[in-house]
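In case you want the letters, here they are:
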Amino acid sequence: SSFYQYLFTGALLVFTIIHLLLFLFYPTQKENLFFAMFTLTLAMINFLQWQGEFAVSGLMFIQYEAILTILKAVAILFFIRFTYAMYYKRIPIGLWLFTVPVVGDTVYRLWTSEAIVTWFLDLLLVIFCIEVIRLSILAYMRKREGILIFGTGILFFIITQVLLIFSGYDFIPVNPQWI
């Protein structure tokens, strides 16, 4: 169990370090910074989810859940910012269309210890995945440099996220261990 915790957290930290170094050498390419922050947040989420199994009290478990709620929102926001940084020089209004609901839902979850609607954040993620696919198709049609590498990687990531979301609602029978 600890082996997998360190393996997956370590792999994410490697991506974090690589992209932080890329940002340090090419500071005009902000997408490297946002991707590094995204993978760092995912590494922290992964580490804390494994640690949550060792909670010895209800209070410790509640604290883990609160931290995970914040980290999940931060991961979504960094991923959104990373994606828009790949395609736009200036921040588009679409960023705020995702940021405001994610922050609002997170604040509400922390304040009340429950979600506004349990599927709200998942719905936002599915909509955002559709937006990323739209942006990738536009970039491919405009023959943007590096889109095949980015598009392929992001497509696999999006497929796994959508499958996990749909499997959580029993829309599609998927074993999360496959992904």
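Just so we're clear, the structure is a prediction, and the values are computed from it rather than from any experiment.

## Quick notes on helix H1 (residues 2–25)
1) Next: Compared with the 34 Å implied by 1.5 Å per residue over 24 residues, the 34 Å span of H1 between its first and last C-alpha is a close match.
2) Next: Those residues of H1 not exposed but buried are Gln 5, Thr 9, Leu 12, Thr 16, His 19 and Phe 23.
3) Next: Buried residues along H1 sit in contact with helix H2 (30–51).

## Concerning the side chain of Thr 16
1) Next: Mapping Thr 16 onto the fold places it in helix H1.
2) Next: Apart from the residues within four sequence positions on either side, Thr 16 is in contact with Ala 36, Thr 39 and Leu 40.

## Concerning a nonpolar patch on the surface
1) Next: A cluster of nonpolar side chains, Val 14, Ile 17, Ile 18, Leu 21, Leu 22, Leu 24, Phe 25 and Tyr 26, forms an exposed patch at the surface whose accessible area comes to about 810 Å².
2) Next: Tracing the chain through its elements places Ile 17 in helix H1.

## A short note on the packing of aromatic side chains
Here the distance between the centres and the angle between the planes together describe a pair of aromatic rings.
1) Next: One pass over the structure, following the stated rule, counts 11 aromatic pairs.
2) Next: Ring centres of Phe 98 and Phe 128 lie 5.2 Å apart, and the angle between their planes is 80 degrees; on these two criteria the pair is classed as edge-to-face. Here Phe 128 lies in helix H5 (residues 120–141) and Phe 98 lies in helix H4 (residues 93–112), a separation of 30 residues in the sequence.
3) Next: A residue is classified by how much of its surface remains accessible, and Phe 128, at 3% relative accessible area, is buried.
4) Next: Each member of the aromatic cluster is reached from another via a ring pair, and the members are Phe 35, Phe 38, Phe 79, Phe 82, Tyr 87, Phe 98, Phe 128, Phe 150 and Phe 157.

What counts, and where the lines are drawn
Counting restarts for each chain, with residues numbered from 1 along the sequence as it is written. In view of the model being predicted, local features appear only for residues whose pLDDT reaches at least 70, and side-chain atom pairs are presented and counted only at 80 or more, with totals across whole chains, interfaces and linings using the full set of residues. The basis for every side-chain value is the complete set of non-hydrogen atoms in the structure, without hydrogens or water. Each helix is a run of H or I in the DSSP string that is no shorter than four residues. Each strand is a run of E no shorter than two, and both are numbered from the N terminus. Each helix should span, by expectation, one fewer than its residue count multiplied by 1.5 Å. Only protein chains enter the accessibility calculation, which uses a 1.4 Å probe; a residue is then buried when its area is under 20% of its type maximum, exposed when over 50%, and partly exposed in between. Whether two residues are in contact is decided by their heavy atoms, any of which lying within 4.5 Å being enough. Only residues whose relative accessible area exceeds 30% and that form no salt bridge are eligible for patches; like-charged ones are grouped when within 9 Å, while nonpolar side chains (Val, Leu, Ile, Met, Phe, Trp, Tyr) are grouped when within 5 Å. For every accessible area listed, the method is Shrake-Rupley and the probe measures 1.4 Å; residues are considered covered only by the protein chains on display. We define a salt bridge as a contact between a side-chain nitrogen of Lys or Arg and a carboxyl oxygen of Asp or Glu at a distance within 4 Å. Two rings from Phe, Tyr or Trp (for Trp, the six-membered ring) form a pair when their centres are within 6.5 Å of each other. A pair whose planes differ by under 30 degrees is stacked, one over 60 is edge-to-face, and the rest are tilted.

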